[in-house]
Amino acid sequence: MSMAVAGLLTGMALAFAGYFGGFGAFVLVAALGAIGFIAGRFLDGDLEPGDFFRSRERDDRRR
């Protein structure tokens, strides 16, 4: 599935949640979608747990 189709489906899901459930449902769907996206990236091997916990300093400054 292309990223355009995934974006289209995500936008449609958020639109339905916002229309039928109000702002709270919109925020809930957006948050759960973001969590699912990050979990999927972990399972695909595109992200490592250390990516979120590394310092901002470059490695050559520590030496």
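Note: the structure precedes this text.
Residues numbered from 1 in each chain as written. Predicted model: local features only at pLDDT ≥ 70, side-chain atom pairs only at ≥ 80, totals over all residues. Heavy atoms only, no water.

Trainee: Give a description of the overall build of the chain that names residues and reports values.
Mentor: Across its full length, the chain holds two helices and zero strands. When burial is assessed residue by residue, the chain has 3% of its 63 residues classed as buried. Carbon and sulfur atoms make up 65% of the accessible area of the chain, which amounts to about 5600 Å² in all. (Helix = DSSP H or I, 4+ residues; strand = E, 2+ residues; numbered from the N terminus. Buried < 20%, exposed > 50% of the residue type's maximum accessible area, 1.4 Å probe, protein only. Areas by Shrake-Rupley, 256 points an atom, 1.4 Å probe, with all protein chains shown as cover.)

Trainee: So what about a nonpolar patch on the surface? Which residues, and what values?
Mentor: A surface patch of nonpolar side chains, amounting to about 970 Å² of accessible area, comprises Met 1, Val 5, Leu 8, Leu 9, Met 12, Phe 16, Tyr 19 and Phe 20. On the basis of relative accessible area, Tyr 19 is assigned to the exposed category, the value being 67%. (Patch = residues over 30% accessible without salt bridge, like charges linked within 9 Å, V, L, I, M, F, W, Y side chains within 5 Å. Salt bridge = Lys/Arg side-chain N within 4 Å of Asp/Glu carboxyl O.)

Trainee: I'd like a description of the packing of aromatic side chains, backed by residues and values.
Mentor: Any aromatic ring pair is given by two values, namely how distant the centres are and how the planes are angled relative to each other. In this structure the tally under the stated criterion is three aromatic pairs. Judged by centre distance (4.9 Å) and plane angle (85°), the rings of Tyr 19 and Phe 20 are edge-to-face. The exposure classification of Tyr 19 matches that of Phe 20, with both residues exposed. In textbook terms, an aromatic cluster arises when at least three aromatic residues are bridged by ring pairs, as seen for Phe 16, Tyr 19 and Phe 20. (Phe/Tyr/Trp six-rings, centres within 6.5 Å; stacked < 30°, edge-to-face > 60°.)

Trainee: Outline the environment of Ala 13, supporting the account with residue identities and numerical values.
Mentor: Along the chain, Ala 13 falls in helix α1 (residues 3-44). Sequence separation between Ala 13 and Val 29 is 16 residues; the distance between their C-alpha atoms is 7.8 Å.

Trainee: Pulling in residues and values, what's your account of α1?
Mentor: Under the 1.5 Å per step criterion, the end-to-end length of α1 is only 15 Å for 42 residues, more than 12% shorter than the ideal 62 Å. The sharpest bend along α1 reaches about 145° and sits at Gly 21. Taken from the residues just after α1, Gly 45 is the one with a positive phi, measuring 90°. (Expected span 1.5 Å × (residues − 1). Bend = angle between axes of the 7 residues up to and from the residue.)

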